[in-house]
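Report on the structure
The primary structure of each chain is shown beneath.
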Amino acid sequence: MTGARLLLVEDEYVIALGIQKSLERLGYEVPAVVATGEEAVAKALDLRPDLILMDIVLAGPMDGVEAARLIGAQADIPIIYLTANADSATVERARDTMPYGYMNKPINDRDLMSNIDTAIHKHRMERRLRESEEKYRSLVENINDIIISVDENGTVTYASPRVYEVAGYRAEDLMGRNLMEFVYPEDRKLVIGLFENSKAGGPTPGQYRVLARSGDILWVRTSGRTIFVDGRFSGIRVIMSDITEQLRIEDEVKIKNDELTAANEELQAIIEELEATNEELSDTNRRLEANNRDLVCARRDLAEQEALLAIVSRVAPVGIGLIRDRALVWTNVMIQSISGYSGEELEGRSLRVFYASDGEYQAAIDTMYAQIGERGMASFEARCVHKNGTAYQVLINAAFLDPEERERGIVFTAMDITEMKRIANELALSQDKLRMMLESSPFPITVMDSSSRFTYMNPRVMQILGYTTGTLPTLEDWWEKAYPDHAYRAKIRKEWEDNVRLAMENNTPVRPMSARVHCGDGTDKWIEFHMIFLGDMSFIMAKDLPGEPPA
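Residues numbered from 1 in each chain as written. Predicted model: local features only at pLDDT ≥ 70, side-chain atom pairs only at ≥ 80, totals over all residues. Heavy atoms only, no water.

**Considering the overall build of the protein**
Operational definition: Put simply, DSSP H or I for four residues or longer makes a helix, DSSP E for two residues or longer makes a strand, and each gets a number counted from the N terminus. Accessibility here uses a 1.4 Å probe with only protein chains present; expressed as a share of the type maximum, an area under 20% marks a residue as buried, one over 50% as exposed, and anything in between as partly exposed. In what follows, a contact means two residues having at least one pair of non-hydrogen atoms within 4.5 Å. Accessibility throughout is a Shrake-Rupley quantity obtained with a 1.4 Å probe, and a residue counts as covered only by protein chains that appear here.
Within the protein one finds 17 helices and 20 strands. The burial tally for the protein puts 37% of its 551 residues in the buried class. Within the protein, counting contacts between residues at least 6 apart in sequence, those at least 24 apart form 46% of the total. Counting every atom, the protein has about 31600 Å² of accessible surface; 54% of that belongs to carbon and sulfur.

**Section: the sheet that holds strand β3 (residues 51-55)**
The following threshold applies: Strands are labelled as partners when DSSP assigns at least two bridges between them. Geometry is summarised by axes, namely lines fitted to C-alpha atoms with helices restricted to the contacting stretch, and by angles between N-to-C directions that run from 0 to 180 degrees.
The strand order across the open sheet formed by 5 strands is β2-β1-β3-β4-β5, and the pairing between neighbours is parallel. Looking at the sheet topology across the chains shown, the edges are occupied by β2 (29-34) and β5 (102-104). Ignoring which end each strand starts from, the neighbouring axes of this sheet average 20 degrees apart. Across 4 bridges, β3 lies against strand β4 (residues 79-83) in parallel orientation. For Met-54, the partnering residue across the bridge sits in β4 and is Tyr-81. Against the sheet, helix α3 (residues 64-74) engages β3 and β4, with an angle of about 155 degrees to β3.

**Some remarks on the environment of Thr-455**
Positionally, Thr-455 belongs in strand β17 (residues 454-457). Here Thr-455 falls in the partly exposed class, since its relative accessible area comes to 46%. For the pair Thr-455 and Thr-469, spaced 14 residues apart in sequence, the C-alpha separation works out to 6.9 Å. Not counting the four nearest positions on each side in its chain, Thr-455 is found in contact with Val-447, Asp-449 and Thr-469.

**Description of the sheet that holds strand β18 (residues 513-518)**
A sheet is described by the order of its strands in space; here 5 strands give the open sequence β17-β16-β20-β19-β18, paired in antiparallel fashion. The sheet is open, and its two edges are formed by β17 and β18, each paired on a single side. Neighbour to neighbour, the strand axes of the sheet diverge by 30 degrees on average, direction disregarded. The sheet strands contacting helix α17 (residues 486-506) are β18, β19 (524-534) and β20 (537-545), and the helix crosses β18 at an angle near 145 degrees.

**Details of the pattern of salt bridges**
Applicable threshold: Note on definitions: salt bridges are taken to be side-chain nitrogens of Lys or Arg within 4 Å of carboxyl oxygens of Asp or Glu.
Overall, the coordinates contain 28 salt bridges when judged by the stated rule. Between Arg-248 and Glu-252 there is a salt bridge; the shortest N-O distance is 2.3 Å. Placement of both Arg-248 and Glu-252 in helix α9 (residues 244-263) is noted, with a separation of 4 residues, approximately one turn of the helix. For Glu-252, a relative accessible area of 38% corresponds to the partly exposed category. Of the charged contacts, one joins Glu-345 and Lys-387 as a salt bridge, the two residues approaching to 2.8 Å between their closest N and O atoms. A residue pair is termed long-range when its members are at least 10 positions apart, and Glu-345 in helix α12 (residues 343-346) and Lys-387 in the loop between β13 (378-385) and β14 (391-400) qualify at 42 residues. Under the relative-accessibility criterion, Glu-345 is labelled partly exposed at 30%. It is possible to trace a salt-bridge network through shared partners that takes in Arg-170, Glu-172, Asp-173 and Arg-213.

**Re the nonpolar core**
For the record, the criterion: We call a set of buried residues a nonpolar core when its members are Ala, Val, Leu, Ile, Met, Phe, Trp, Tyr or Cys and they connect through side-chain atoms within 4.5 Å of each other.
Grouped together as the largest cluster of nonpolar side chains are 32 residues, with contacts concentrated most on Leu-465, Trp-478, Tyr-483, Trp-496, Val-517 and Phe-529. Of all the secondary-structure elements, those providing two or more residues to this core are β17, α15 (459-464), α16 (475-482), α17, β18, β19 and β20. Here the element with the most residues in this core is α17; it accounts for 6 residues. Apart from residues lying up to four places away in sequence, Trp-478 is in contact with Phe-454, Leu-465, Tyr-467, Leu-472, Tyr-483, Val-517 and Phe-529.

**Some words on the pairing of strand β6 (residues 146-151)**
By the criterion of burial, β6 is predominantly enclosed, with 6 of the 6 residues buried. In β6, alternate side chains face the same way, and those of Ile-146, Ile-148 and Val-150 on one face and Ile-147, Ser-149 and Asp-151 on the other are all buried. Sheet analysis places β6 next to strand β10 (residues 232-242), joined by 6 bridges and oriented antiparallel. Bridge pairing in β10 links Ile-146 to Met-240. Of the strand pairs in this sheet, β6 and strand β7 (residues 156-159) are connected by 3 bridges, and their pairing is antiparallel. What sits directly across from Val-150, in β7, is Val-156. In textbook terms, the turn of a hairpin is the stretch between consecutive antiparallel strands, and for β6 and β7 this stretch comprises 4 residues, one of which, Gly-154, has a positive phi near 85 degrees.

**Things to note about the packing of aromatic side chains**
Stated precisely, the cut-off is as follows: Here the aromatic set is Phe, Tyr and Trp, taking the six-membered ring for Trp, and pairing holds for ring centres within 6.5 Å; pairs whose planes are under 30 degrees apart are stacked, those over 60 apart are edge-to-face, and all others are tilted. Any Lys NZ or Arg CZ found within 6 Å of a ring centre and within 35 degrees of that ring's normal is scored as a charge over the ring.
Inspection of the entire model under this criterion finds 10 aromatic pairs. Judged by centre distance (5.1 Å) and plane angle (75 degrees), the rings of Tyr-169 and Phe-182 are edge-to-face. Taken as a pair, Tyr-169 in the loop between α6 (162-167) and α7 (171-174) and Phe-182 in the loop between α7 and α8 (188-199) lie far apart in primary sequence, 13 residues in all. Summarising the burial analysis for this pair, Tyr-169 and Phe-182 share the class buried. With a centroid separation of 6.2 Å and an interplanar angle of 75 degrees, the aromatic rings of Tyr-467 and Trp-478 are classed as edge-to-face. Of this pair, Tyr-467 sits in the loop between α15 and α16 while Trp-478 sits in helix α16; the two residues are 11 residues apart in sequence, bridging distant segments of the chain. Across this residue pair, the class does not change: Tyr-467 and Trp-478 are buried. An aromatic cluster is built from Tyr-467, Trp-478, Trp-479, Tyr-483, Tyr-488, Trp-496 and Phe-529, whose rings are joined through pairwise contacts. Sitting over the ring of Tyr-100, Lys-122 keeps its end group 5.4 Å from the ring centre. Here the guanidinium or amino end of Arg-349 rests over the ring plane of Tyr-341, the centre of that ring lying 5.9 Å away.

**Overview of the pairing of strand β12 (residues 327-331)**
Taken together, the 4 bridges between strand β11 (residues 319-324) and β12 define a ladder with antiparallel strand orientation. Residue pairing across strands places Leu-322 opposite Trp-330, the latter belonging to β12. Between β11 and β12, which pair antiparallel and follow one another directly, the connecting turn spans 2 residues, one of which, Asp-325, has a positive phi of 55 degrees.

Here's what the structure looks like:
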């Protein structure tokens, strides 16, 4: 998710600068780098970045965990912790701030990019989910019917505010109590039957009496939707309509009809036939109403799922497609971008369209089906051909949409790795050439990464200075061993760090410097040091100075 704005909080200057360069190289914007918890809080609230990289252990009275807590109380910004030596108590405090991840130092570019993009994407999806839940809650609280949810034991877990206007109960009065407590005693057997029927997944529409808080008896018509979690019955969500007034009117109508029946004997047969028809229509209407409500719920759920799938297919960084009988049924925008074909051109086409020859197509198909048959999924590389005739490399992952109904097809993803492979080959070649040059150099040369760890020392380092990466793994070890005298070490270290900082700030070479070095064999030598930066690596060359250099 390049282009995102990041706030970096790190109190080690060289490490912070190395991480900043890595972030900017990966395409992120770093508007500020701060070293204390107090600065982190101020900058986060001022800049409102997309994400914060926060070192847990910071110099000063406020550490990274406290800074994250203060930021979280005032702003919704995802945080990833950077840590090297945090104790268990600090890590436990960090968990309470709900971070979006942890990264251990030293940090490489691949982990940096994957953790940042995952955290930003997760944060955005969680925000959309909260907005969706708010819309759903508003809808539920403003409809005329009552919505009640009960668990597998019939205990009320949710009641919409409408229950107060209809029956006089506050929602909290019902929570945690069994629904049967509010059902009219003579109708409880009916309601228990409806509840048991719902466990088998059957329909749950019903009509029965309930007790209002005032003691009045209310007639309600209900439509229940069964809830299953992982195939297990978990409860029912019930929509309840107050039909007391409607039934009262129906009762009055029935009384009038009875009076008319008594007064007109000759119309008795016709009236009875009409009543039977009316009752039949009432039952049909009730069933239709229940079915319509279930249908509305099902359509709403389907629309939400389709909308989510459409969003995922548009924003996914890899191509996604569906195959049925070795033909393309559907592809997302990224597949169309990688191949050069439009969705209309690909729909119904054989997978052969992606390959230069029948042999390459058949080899890819055989590999995919063989791996799916053995492991349930496939993952392999293939050479494909763009619509314009150019070749490219892709990484393909595939699996059955439904292993129980394989005829529904295979879902696959495709990632264009052409540039990645080219860069990897060029990098390997460059690294071989560089190593040959370093090995044959007459001067001691050391390579240090962005976390101040020595990753390479040529043979001359051991011959002149008597050290290896095994005995001298980090820059901190160098200061301790090469300059055992505390005062002299502090002087040389300050001069070195000042030279490095000025070079980085002014984008100029590091000024050479000389110092008396305590070597691995116990001798002391005057050495002149030269340093250059190459990406996130530092090359340090040493030159043995015979005798003591002039002041």
